[in-house]
Amino acid sequence: MALVELPEALAAVRSSLLEESFVRATAGGRRRGTEAVADRPERVEVRPVLLRGVRHLQVTERTGPVVRTRNLRVQGPAGSVDDEALDALLALPFATWHAETAAGAVQVQVTKKGLATVGRTAATAGPGAGARPGGDLANDRRKEHLLDPGDPLFAVLGAGGDKRRQVDAFLRQLSAALPEGLAADRPLRVVDLGCGNAYLTLAAQRWLAGRPAGARTVGVELRADLVQRSTERAAAAGVDGLVFAAGTIADADPTHLLGGPPDVVLALHACDTATDDALARAAAWEAPVVLAAPCCHRDVQRQLVAAGAGTAASSLPAAQDALVSSPILRERFADVLTDSLRAAALRARGYRVDVVEFVDSRHTPRNALLRAVLPPRPAPAAARDAAQRELEELAASWRVRPAIAERLAP
Ligand SMILES: C[S@@+](CC[C@H](N)C(=O)[O-])C[C@H]1O[C@@H](n2cnc3c(N)ncnc32)[C@H](O)[C@@H]1O
């Protein structure tokens, strides 16, 4: 640990953020002697994203219950970014910064006297060791992708460039969601509910197998033909530690296959209320990490129609009815309402929930991702009760009984 002037410490963070092999950074805590300001973020997370093929830094700021995400474009291979925005971010009076690149991590802690300690750790063999960006600077493909695009998995899946980018975007989300120290001394236990053709399941297991203690994954899928095909593909691509089970999400019990309850629950584009089934299973297992990319939201749409939305007989107040009177607005609003209700239900179960962009909207219009993590210190009962009230009031105000409220009734 070196004690240095603060600008020097922040310059080290800045250069990590602009490294081509940058993986993730977080900042939090309030520096001593600084006042709490209502609209100043309490926590920030930065990660690299590719938007339409261009590198950006995605900055997610949490201020109380509000989460705001913005993207700063990184220009040129040397990585210059919107300097003013980056300077403003680094000027926020956080007590700590932690920035990770493929080469290692830099940890900055601001001292009482306004100086900073800077610690550096070299990269250990984490997930996808050898496949993390920048793991081999001579290899451009590895710099840009968490999973080497030359991995035989992609040939087995018949996945082209778009799919590979989608896989990469998903793995970055997964990487950002995994708390440090989770399952450090045993294989990480993962379940993918409604895994379909399983290309994300296969990619996740391939990448997570590179963790020091490896990983095991179970894919659950209703359709037996997909289970059969995915099993064959896993064998053909040499992805070990992955099994598939035919059955419904609501009845899924992968615990015996994983050797314990799942650490990570994935539910990616499971249809309609299958996402609610998945969230309910995840909460019952108290899974520390849940990533759910919802698909169609017909349940709430149907209930809005039943409430007379857009008709003279609407039971909704006029100002609300205006939001859902046309079918296209109703469809979009049902997406937002359903996912807001799901986020509140998970917060009522003690999860910290972000809704982030899953993959570039060019790939799919359904590109929201609910990212829920159980914090190490349980959320206070008052916060959980407030989230439950928010869920109930929101549902009542829209005259809906969302599937998630029934599945996660207190
Ligand atoms: C749109 S696909 C998504 C597949 C994959 N997760 C992905 O993102 O590429 C949804 C899959 O969920 C499966 N599914 C839907 N409802 C289910 C349920 N209740 N139980 C198990 N699987 C279900 C469907 O059979 C389908 O294969």
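Residues numbered from 1 in each chain as written. Predicted model: local features only at pLDDT ≥ 70, side-chain atom pairs only at ≥ 80, totals over all residues. Heavy atoms only, no water.

**Description of the overall build of the protein**
So the rule is basically this: Strands are runs of DSSP state E lasting at least 2 residues, helices are runs of H or I lasting at least 4, and numbering of each runs from the N terminus. Restricting the calculation to C-alpha atoms gives the radius of gyration, and the globule rule supplies 2.2 Å times the number of residues raised to the power 0.38. Burial classes: relative accessible area under 20% of the type maximum marks a residue as buried, over 50% as exposed, and values in between as partly exposed (1.4 Å probe, protein chains only). Any two residues whose heavy atoms approach within 4.5 Å are treated as being in contact. All accessible-area figures derive from a Shrake-Rupley calculation using a 1.4 Å probe, and residue coverage is judged against the displayed protein chains alone. Positive: Lys, Arg. Negative: Asp, Glu. His and the chain ends are not part of the count. By convention, charge coordinates are those of NZ in Lys, CZ in Arg, CG in Asp, or CD in Glu.
From N to C terminus, the protein includes 14 helices and 16 strands. For 410 residues, the compact-globule estimate of 2.2 N^0.38 gives 22 Å, and the C-alpha radius of gyration of the protein, at 22 Å, lies within 12% of that figure. With respect to the three principal axes, the spread of C-alpha positions in the protein is 65 × 55 × 40 Å. In the protein, buried positions account for 53% of the 410 residues. Long-range pairs, those at least 24 residues apart, make up 66% of the contacts in the protein with a sequence separation of at least 6. Of the roughly 18500 Å² of accessible surface on the protein, a fraction of 53% belongs to carbon and sulfur atoms. Of the charged side chains in the protein, 51 are positive and 48 negative; the average position of the first set lies 1 Å away from that of the second.

**Things to note about helix 7 (residues 224-237)**
Keep this limit in mind: How far a helix is expected to stretch is found by multiplying one less than its residue total by 1.5 Å. It is the directions from the helix axis to the C-beta atoms that the arc portrays.
With 14 residues, helix 7 extends 20 Å from end C-alpha to end C-alpha; this agrees with the ideal 20 Å at 1.5 Å per step. Along helix 7, the residues classified as buried are Leu226, Val227, Ser230, Arg233, Ala234 and Ala237. For helix 7, the buried positions fall inside an angular range of 130 degrees around the axis, keeping them on one side. Exposed and oriented more than 90 degrees from the buried face of helix 7 are Ala224, Ala235 and Ala236. Buried residues along helix 7 sit against helix 4 (152-157), helix 6 (199-208), strand 11 (215-221) and strand 12 (242-246).

**Observations concerning the sheet that holds strand 16 (residues 368-373)**
Rule in force here: Here the rule is simple: two strands pair whenever DSSP picks up at least two bridges between them. Axis lines are fitted through C-alpha atoms, for helices just across the contact stretch, and the angle between N-to-C directions can take any value from 0 to 180 degrees.
If you trace the seven strands from one edge of the open sheet to the other, you get 12-11-10-13-14-16-15, paired in mixed fashion. For this open sheet the edge positions go to strand 12 and strand 15 (352-357), each flanked by a neighbour on one side alone. Strand after strand, the sheet turns through a mean of 15 degrees between neighbouring axes, direction not considered. Here five bridges tie strand 11 to strand 12, and the two strands are oriented parallel to one another. Counted as the bridge partner of Val220 is Ala245 from strand 12.

**Observations regarding the site of the ligand**
Operational definition: One heavy atom within 4 Å of a molecule or strand makes the whole residue count as near it. Whenever a nitrogen or oxygen atom comes within 3.5 Å of another N or O atom, the pair is scored as a polar contact, on the condition that within protein one atom can donate a hydrogen and the other can accept it, and that pairs from neighbouring residues in sequence are kept only if both atoms are in side chains. Residue polarity follows a fixed list, in which Ala, Val, Leu, Ile, Met, Phe, Trp, Tyr, Cys and Pro are nonpolar, Asp, Glu, Lys and Arg are charged, and the others, Gly among them, are polar.
In the vicinity of the ligand lie 14 residues, with Gly194, Glu221, Ile249, Leu268 and His269 positioned nearest. Leu222 has a polar backbone atom sitting 3.2 Å from a nitrogen atom of the ligand. Taken by itself the ligand offers 590 Å² of open surface, and the protein chains cover 80% of this. The residue inventory of the shell around the ligand, partitioned by class, reads eight nonpolar, five polar and one charged.

**Examining the pairing of strand 9 (residues 115-122)**
Across four bridges, strand 1 (residues 2-5) lies against strand 9 in antiparallel orientation. By the bridge assignment for strand 9, Ala2 is matched with Val118. Here strand 8 (residues 104-110) pairs with strand 9 via seven bridges, running antiparallel. Within the sheet, the bridge partner assigned to Val106 lies in strand 9 and is Arg120. In sequence, strand 8 turns back onto strand 9 through a hairpin of four residues, with Gly114 there showing a positive phi of about 85 degrees.

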